[in-house]
Amino acid sequence: MEHIVKRADAEAALVRAFTPASPVTIRDIFQGRTEQTRQILDAVAGTGQHVVLYGERGVGKTSLANILSVMLDSDYIVARANCDSGDSFSQVWEKLFHRIHLSSTNRGVGFLPDGTTKRIPVLGSVQNGNPATVAEIRNAIESLSTIKPCVFVIDEFDRIQRGKTCVR
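Residues numbered from 1 in each chain as written. Predicted model: local features only at pLDDT ≥ 70, side-chain atom pairs only at ≥ 80, totals over all residues. Heavy atoms only, no water.

Engineer: Please clarify how unusual backbone geometry should be interpreted in this entry.
Structural biologist: Glycine aside, a negative phi is what most residues show, and trans is what most peptide bonds show. Here glutamate 156, not a glycine, exhibits a phi torsion of approximately 60°, which is positive. Along the polypeptide, glutamate 156 turns up in the segment after strand S4 (150–155). According to the relative accessible area criterion, glutamate 156 is buried, its value standing at 17%. (Helix = DSSP H or I, 4+ residues; strand = E, 2+ residues; numbered from the N terminus. Buried < 20%, exposed > 50% of the residue type's maximum accessible area, 1.4 Å probe, protein only.)

Engineer: When you look at helix H4 (residues 89–98) in this model, what are you seeing that I'm missing?
Structural biologist: In an α-helix there are 3.6 residues to a turn, and that puts residues three or four apart on one side. The buried count for H4 comes to seven of ten residues, which makes it a mostly enclosed element. Among the residues of H4, Ser90, Val92, Trp93, Glu94, Lys95, Leu96 and Phe97 are the ones counted as buried.

Engineer: Looking at this structure, how should I read the pattern of salt bridges?
Structural biologist: Should the charged atoms of two oppositely charged side chains come close, the side chains can pair. By the definition in use, this model includes eight salt bridges. Here arginine 38 ties to glutamate 35 by a salt bridge, and the two come within 2.5 Å at their closest N and O atoms. Pair noted here: arginine 38 and glutamate 35 are both in helix H2 (residues 34–45), with a separation of three residues, about one helical turn. Residue classification places glutamate 35 among the partly exposed residues on the basis of a relative accessible area of 41%. Each of Arg57, Glu156, Asp158 and Arg159 takes part in one network of salt bridges that share partners. (Salt bridge = Lys/Arg side-chain N within 4 Å of Asp/Glu carboxyl O.)

Engineer: Just checking my understanding: could you explain the nonpolar core for this structure?
Structural biologist: Across soluble globular proteins, you tend to see nonpolar side chains buried next to one another. One finds Leu96, Phe97, Ile100, Val122 and Leu144 to be the most contacted residues of the largest nonpolar core, which totals 16 residues. Among the elements that line this core, the one with the most residues is H4, at four residues. Counting residues in each nonpolar core, the second largest holds six residues, with Ala65, Leu72, Tyr76 and Val78 among its members. (Core = buried A, V, L, I, M, F, W, Y, C linked by side-chain atoms within 4.5 Å.)

Engineer: Even after reading the chapter, I still don't get the environment of methionine 71, so can you show me in this structure?
Structural biologist: The topology assignment puts methionine 71 in helix H3 (residues 61–72). Separated by 30 residues in sequence, methionine 71 and leucine 41 have C-alpha atoms that sit 9.2 Å apart.

Engineer: Hey, could you run me through the pairing of S4 in this one?
Structural biologist: Across a regular strand the side chains alternate sides, sitting on one face of the sheet and then on the other. Where burial is concerned, the two faces of S4 differ: the one with Val151, Val153 and Asp155 is buried and the one with Cys150, Phe152 and Ile154 is not. The pairing of strand S1 (residues 77–82) with S4 spans six bridges and is parallel. Within S4, the position partnered with asparagine 82 by the bridge is aspartate 155. (Pairing = 2+ DSSP bridges.)

Engineer: What is the right way to read the side chain of aspartate 155 from this model?
Structural biologist: Along the chain, aspartate 155 turns up in strand S4. Look at aspartate 155 and you get buried, because its relative accessible area is 12%. Those residues in contact with aspartate 155, other than ones at most four positions away along the chain, are Thr62, Arg80, Ala81, Asn82 and Cys83. (Contact = heavy atoms within 4.5 Å.)

Structure below.
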């Protein structure tokens, strides 16, 4: 019986480790792409640089983006968003900003409890239900950049219908 349990545990571990159709999210099991990783990290550290990962489906772009997001998380504000076919320019940025968690804590006074923490929205217009404007997005990025440099990962951009991300 003990042999069957060990075999079942080993098979379950194998199934968790071998997921060729799913992007890698754990740095320890990400292998290769050393040169690409170095080039991207150099570009991110440079002022005014942008990185675009492109290639056929299934070659590891999302895995690389996932791992880089983890690697950069302590020194940068990192936000990731997956695009859907109906997304607009504003919706993509709203998804990104929604994943950034800024908070403010009011301290308690005297013998009162420590206070309360509230989440601060990065884009105020999202609360009103209005689409974010280019100016609001630029202002939000500028404000965030005073805290830490920002990295925005936009995945599956090719899913968006042609013309949906145009800004007039």
